[in-house]
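The chain contents come next:
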Amino acid sequence: MENKVPTDLAELPIIDMHTHLAGMGHGGSGCWVSSGKFNSIMFRALRWNLGIYGAHRTGNLDQTYLDLLDKEVRTASASGAIDAAVIYAHDRIYTENGEASTSGQEIYVPNDYAFACAERETMRGRYMPAVSVHPYRKDALAETERCIARGAVAMKWLPNSQAMDPRDRRCFAMYDLLAARKIPLIAHTGGEHTVRVIRPELGNPEVLRPALDRGVTVIMAHSGTRSGAFDGHWMEQFCKLVREYPNCWGDTAAFCTPGRIRWIPRMLREEGVVEKLMHGSDYPVPVTAWFALRELGWNRVRELNSIPGELERDVRIKRAMGLPGIVFTNPAKVLGQEALRRWLVSNIR
Ligand SMILES: [Zn+2]
C-alpha cells in the first residue's frame with residue numbers, strides 16, 4: 001500500500017488512539033517489566049492470549065511483541081478498519097522530590113523506543129508516537145521539548161499508577177508547553193487493572209481541570225469509566241467536563257471488554273458526549289463481544305467474535321454497538337494535519 005500524505009482534512013484517516021508498546025529490553029529496546037508483573041496472573045493470561053507465553057526464553061520478546069502489533073495493524077488496515085495507531089511510551093514513577101522511584105515500578109517503555117518503532121522503515125506510515133514524561137522529573141520540560149521536536153504527537157500519563165497528581169503546581173509549566181505546542185495530553189481516568197494503582201483517587205477526571213483551564217487538549221483515556229466491580233467510576237464527572245470544555249475529549253480504550261462494554265449504550269444516551277469520544281483499542285487488552293449479547297444478539301456476537309484480528313474486531317464491535325463514524329475520525333482531527341504529515345499516515349479513504 002502506498003503511503004500518501006493527506007492533503008484534505010475532510011478525508012480523515014482512522015487512527016487507533018490507544019495502543020501499548022511493551023518489552024523486556026531484548027535487542028536493546030530499553031523496555032522493562034518487573035518480574036512480579038511479568039509472572040502475575042494478568043500478564044500470564046495476556047501473554048497466553050497473544051501466543052507469546054514463552055517468547056522471553058528466546059531473548060526476543062520485544063521484537064516478537066512488535067511483530068504481533070504490526071500484524072494486527074496491517075490486518076486492520078487491509079480491512080479498512082483503521083489506517084494507523086498511536087503507540088505509547090510509559091515513564092518511570094518519580095518521587096515527590098523528583099527522583100526516579102526505587103519501588104513500585106512495574107513497566108517502563110522509553111520515549112526513544114516509541115520513536116524508533118514509528119520511524120522504522122518497515123513500520124513507517126502506520127504509527128504515531130506518544131511519549132510519557134513524569135511531570136515531577138527535574139528534566140521534565142527539557143525532555144518534553146526534545147520529544148516534541150522529534151515529533152511526539154501526544155503526552156501520555158497514568159496518574160493513579162505513575163504517582164503524579166495533575167493538580168500539582170509542578171505540572172503547570174508542562175501544561176503551558178503542551179498548550180502552546182498543541183500537543184494533547186492523554187491521561188488515564190477511571191479504574192485500572194493492568195498496572196498497580198498507587199493513588200486510585202487520581203482516576204477522577206476532575207483532577208485534570210488545571211490542564212483544561214490552561215488550554216491543554218486533554219483526552220481522558222477510558223472516559224472515566226469503571227472496569228471491574230469495585231474500582232472508581234467517574235463517567236458522570238467525565239460527561240460534565242466534556243460538555244463544559246471544548247478542549248476535553250475521551251477515548252474508548254478497552255470498551256470491548258467484559259468490564260467496560262456496558263458503558264457504550266450509556267455513553268450513547270448522554271447528550272453532547274459521543275461526538276467528543278475517540279477510538280482507541282488499548283491493545284494488547286483482549287477484545288470480545290460476548291458481553292453485548294443483549295444489545296447485539298447471539299448471531300451478531302458470534303459473527304463479530306469470529307473476526308481474527310483484535311484491532312479490527314474492536315472497531316467492528318464498537319460500530320455494531322452504535323458508535324458513530326465521528327468517533328473513528330476524531331483522533332485524526334484532534335492530532336492535526338501536521339502530525340499526520342510528519343508520520344506519513346496513509347490516507348486511503
Ligand atoms: Zn491503556
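Residues numbered from 1 in each chain as written. Predicted model: local features only at pLDDT ≥ 70, side-chain atom pairs only at ≥ 80, totals over all residues.

## Section: the overall build of the chain
Within the chain, the secondary structure is distributed over 14 helices and ten strands. Structurally, the chain occupies a C-alpha span of about 55 × 50 × 45 Å along its principal axes. The buried share among the 349 residues of the chain stands at 50%. Pairs at least 24 apart in sequence give 77% of the contacts found in the chain among residues at least 6 apart. (Helix = DSSP H or I, 4+ residues; strand = E, 2+ residues; numbered from the N terminus. Buried ≥ 20, exposed ≤ 12 C-beta atoms within 10 Å, placed from the backbone. Contact = placed C-beta atoms within 7 Å.)

## Brief notes about the sheet that holds strand 9 (residues 248-251)
Judged by pairing direction, the sheet is parallel, and its eight strands sit side by side in the order 1-3-5-6-7-8-9-10 without closing on themselves. Each end of this open sheet is capped by a strand with a single partner; those strands are strand 1 (15-20) and strand 10 (277-278). Strand direction decides the pairing type here: strand 1 and strand 3 (residues 84-88), joined by four bridges, are parallel. Note on strand 3: the bridge partner recorded for Asp 16 is Ala 85. (Pairing = 2+ DSSP bridges.)

## Description of helix 3 (residues 61-78)
Structural remark: α-helix, 3.6 residues per turn; residues separated by three or four positions point the same way. Over its 18 residues, helix 3 extends 26 Å from the first C-alpha to the last, a length consistent with the 26 Å expected when each residue adds 1.5 Å. Within helix 3, burial applies to Leu 61, Asp 62, Tyr 65, Leu 66, Leu 69, Glu 72, Val 73, Ala 76 and Ser 77. Along helix 3, the residues classed as buried sweep out an arc of 140° about the axis, all on the same side. Every exposed residue of helix 3 that faces more than 90 degrees away from the buried side is listed here: Asp 67 and Ala 78. Taken together, the buried residues of helix 3 touch strand 1, strand 3, helix 4 (111-119) and helix 12 (310-320). One or two positions beyond helix 3, positive phi appears at Gly 80, with a value near 85°. (Expected span 1.5 Å × (residues − 1). Arc of directions from axis to C-beta.)

## Quick word on unusual backbone geometry
The linkage connecting Tyr 283 with the following residue, Pro 284, adopts the cis geometry, with an omega of 15°. Tracing the backbone shows Pro 284 in the loop between strand 10 and helix 11 (293-305). For Lys 182, which is not glycine, the phi torsion reads 55° and is therefore positive. Residue placement: Lys 182 occurs in the loop between helix 7 (172-181) and strand 7 (185-188). Judged by local crowding, Lys 182 falls into the partly exposed class, with 15 C-beta atoms found within 10 Å. Here His 222, not a glycine, exhibits a phi torsion of approximately 70°, which is positive. Along the chain, His 222 turns up in the loop between strand 8 (218-221) and helix 9 (235-244). His 222 sits in the buried class, given 29 other C-beta atoms within 10 Å.

## Observations concerning the environment of Met 267
Tracing the chain through its elements places Met 267 in helix 10 (residues 263-269). Dropping the residues within four chain positions of it, Met 267 is found in contact with Val 273, Val 274 and Leu 277.

## Some points on helix 13 (residues 325-335)
Along helix 13, eight of the eleven residues are buried, which leaves the element largely enclosed by surrounding structure. With its phi angle positive at about 90°, Gly 336 sits one or two positions after the end of helix 13.

## Re the packing of helix 3 against helix 12
Contact geometry for helix 3 and helix 12: axes closest at 7 Å, N-to-C directions at 45°. In terms of their interaxial angle, helix 3 and helix 12 are classed as oblique. On helix 12, the residues that touch Glu 72, Val 73, Thr 75 and Ala 76 of helix 3 are Glu 310, Leu 311, Glu 312 and Val 315. Looking at side-chain class alone, the contact of helix 3 with helix 12 contains four nonpolar, one polar and three charged residues. (Axes fitted to C-alpha atoms, helices over the stretch in contact; angles between N-to-C directions. Parallel < 35°, antiparallel > 145°, perpendicular 65-115°, else oblique. Nonpolar A, V, L, I, M, F, W, Y, C, P; charged D, E, K, R; others polar.)

## Digging into the pairing of strand 8
Here strand 8 shows no split at all, with Val 218 and Met 220 on one side and Ile 219 and Ala 221 on the other all buried. Bridging between strand 7 and strand 8 involves four bridges; their strand directions are parallel. Within strand 8, the position partnered with Ile 186 by the bridge is Ile 219. Relative to strand 9, strand 8 runs parallel, the two being bridged by three bridges. Paired with Ile 219 across the strands is Trp 249, a residue of strand 9. As for the winding sense of the linkage, the β-α-β connection from strand 8 through helix 9 to strand 9 is right-handed. (Right-handed = clockwise from strand over helix to strand, strands pointing away.)

## Overview of the confidence of the model for the chain
Predicted coordinates in areas of low pLDDT are best not read in detail. On average, residues of the chain score 93 in pLDDT, and 96% of them reach the 70 mark or higher. Here residues 1-9 is modelled with pLDDT under 50, and outside its nearest four sequence neighbours on either side it reaches 16 contacts, counting other chains as well. (pLDDT = per-residue confidence, 0-100.)

## A word on the packing of helix 5 (residues 140-150) against helix 7
Remark: helix 5 packs on helix 7, axes separated minimally by 10 Å, with the N-to-C direction vectors making an angle of 15°. On the basis of the axis angle, helix 5 is roughly parallel to helix 7. At the point where helix 5 passes helix 7, the crossing takes the right-handed sense. For the pair formed by helix 5 and helix 7, the contact residues are Ala 140, Leu 141, Thr 144 and Ile 148 on the first element and Ala 173, Met 174, Leu 177 and Arg 181 on the second. Looking at side-chain class alone, the contact of helix 5 with helix 7 contains six nonpolar, one polar and one charged residues. (Left-handed = near helix turned anticlockwise from the far one by under 90°.)

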